[in-house]
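Each chain is listed here by its residues.
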Amino acid sequence: MSVSEVALYLESGLVFDAGTFGRGASVSGYGGYSAGDQLVVPKTLRMVRYPEDSRRIADITYPAYDGAPILDVTVPVAERIPDEVLDRIRKYKGSLRLKLRIHPKTLMVGWEVRNGRSYPFKRDKWGNAYTTDEDDMVGGDFCERRVQNRIIDGHFQLVESKGWYIDPETGQRIEADF
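Residues numbered from 1 in each chain as written. Predicted model: local features only at pLDDT ≥ 70, side-chain atom pairs only at ≥ 80, totals over all residues. Heavy atoms only, no water.

Take the pattern of salt bridges next. As enumerated under the stated definition, the model contains 13 salt bridges in all. Across the salt bridge formed by Arg-80 and Asp-141, the nearest N and O atoms sit 2.6 Å from each other. With a gap of 61 residues between them, Arg-80 in the loop between strand E5 (71-76) and helix H1 (83-92) and Asp-141 in the loop between strand E10 (138-140) and strand E11 (142-143) connect regions that are remote in the sequence. Relative accessible area serves as the criterion here: at 31%, Arg-80 is assigned to the partly exposed category. The exposure class of Asp-141 is buried, given its relative accessible area of 16%. One continuous salt-bridge network, built from bridges that share partners, spans Arg-97, Lys-99, Glu-112, Arg-114 and Glu-144. (Salt bridge = Lys/Arg side-chain N within 4 Å of Asp/Glu carboxyl O. Helix = DSSP H or I, 4+ residues; strand = E, 2+ residues; numbered from the N terminus. Buried < 20%, exposed > 50% of the residue type's maximum accessible area, 1.4 Å probe, protein only.)

Moving on, we get to the layout of surface pockets. With a probe scaled to a water molecule rolled over the atoms, the places where space remains empty come into view. By volume, the second largest pocket is sized at about 360 Å³. Of all the secondary structure elements, the ones that give two or more residues to the lining of the second largest pocket are strand E7 (106-114), strand E9 (129-130) and strand E12 (146-152). Along the lines of polarity and charge, the residues of the lining of the second largest pocket split into eight nonpolar, four polar and seven charged. (1 Å grid on protein atoms, 1.4 Å probe; cavity = no way out; pocket = protein on both sides within 12 Å on 5 of 7 lines; lining within 4 Å. Points joined across faces, edges and corners; volume = space filled by probe spheres on them. Nonpolar A, V, L, I, M, F, W, Y, C, P; charged D, E, K, R; others polar.)

On to the sheet that holds strand E15 (residues 173-176). Sheet architecture is open: three strands sit in the order E11-E14-E15, paired in antiparallel fashion. Each edge of the open sheet carries a strand with a single partner, namely E11 and E15. Examined bridge by bridge, strand E14 (residues 163-166) and E15 share four bridges and lie antiparallel to one another. By the bridge assignment, Tyr-165 is partnered in E15 with Ile-174. (Pairing = 2+ DSSP bridges.)

Further remarks concern the pairing of E14. In terms of strand pairing, E11 meets E14 through two bridges, oriented antiparallel. By the bridge assignment, Cys-143 is partnered in E14 with Trp-164. Turn length for the E14-E15 hairpin, with the two strands adjacent in sequence and antiparallel, is six residues, and the turn residue Gly-171 shows positive phi of about 80 degrees.

Right, let's get into H1. Along H1, the residues that are buried comprise Val-85, Arg-88, Ile-89 and Tyr-92. Each buried residue of H1 sits inside an arc of 95 degrees when the element is viewed along its axis, so together they form one side. Turned more than 90 degrees away from the buried face of H1 sit Asp-83, Arg-90 and Lys-91, all of them exposed. Taken together, the buried residues of H1 touch strand E6 (95-103) and E7. Positive backbone phi, approximately 55 degrees, marks Lys-93, located one or two places after H1. (Arc of directions from axis to C-beta. Contact = heavy atoms within 4.5 Å.)

This part takes up the packing of aromatic side chains. Aromatic ring pairs are defined here through the distance separating the ring centres and the angle between the ring planes. Within the structure shown, the criterion is met by two aromatic pairs. With a centroid separation of 5.0 Å and an interplanar angle of 85 degrees, the aromatic rings of Tyr-92 and Tyr-119 are classed as edge-to-face. Remark: Tyr-119 occurs in the loop between E7 and strand E8 (122-123) and Tyr-92 occurs in helix H1; sequence separation between them is 27 residues. For Tyr-92, a relative accessible area of 16% puts it in the buried group. Relative accessible area serves as the criterion here: at 9%, Tyr-119 is assigned to the buried category. Here Tyr-119 and Phe-121 contribute two aromatic rings whose centre-to-centre distance is 5.0 Å and whose plane-to-plane angle is 75 degrees, an arrangement assigned as edge-to-face. Put simply, the rings of Tyr-92, Tyr-119 and Phe-121 pair up and form one aromatic cluster. Over the aromatic face of Trp-164 sits the side chain of Arg-173, whose NZ or CZ is 4.2 Å from the ring centroid. (Phe/Tyr/Trp six-rings, centres within 6.5 Å; stacked < 30°, edge-to-face > 60°. Lys NZ or Arg CZ within 6 Å of the ring centre and 35° of its normal.)

Let's shift gears to the confidence of the model for the chain. Averaged over the chain, the pLDDT score is 82; the fraction of residues at 70 or greater is 84%. Per-element confidence in the chain is highest for E5, whose mean pLDDT is 95, and lowest for strand E3 (residues 28-30), whose mean pLDDT is 49. Counting contacts from residues 32-36, a segment whose pLDDT is below 50, to residues more than four positions away or on other chains yields six contacts. (pLDDT = per-residue confidence, 0-100.)

The following block contains the structure:
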């Protein structure tokens, strides 16, 4: 399912992203060492969503739609990322992957650590790197379904874990197949 007529703004009022959002999410990296991967984590993100029958006004470079917004919400981002996460990134030259999911009533923010090459990954007897729950640092409002390398009963296996999200109305963590 895709959602269109959405504009995302940084706390400064500059456009973070706009347009149609769907399952194929784009990813921005924070803190890593690859080109284009030195972005500042925003303090907040503001999402303005317009009715589906809205249209872009003129041919301009910032998002402007006709009609009144059906949702205008600002969510905190930077303050929700724990210091331990930032310390891990700095220590092992990793990066932070910021993930956004549009919900009918809010903008959901998720994050995960991408451990750098200097991270002391555990190795199986053949030298393959694998992770444990302690190694994987994910958080925020949701986490998508993931496949991870794990050692189970001494054998290297790919393990699939369900996705989850925090319901914005109840605060409950709900498992999901996506």
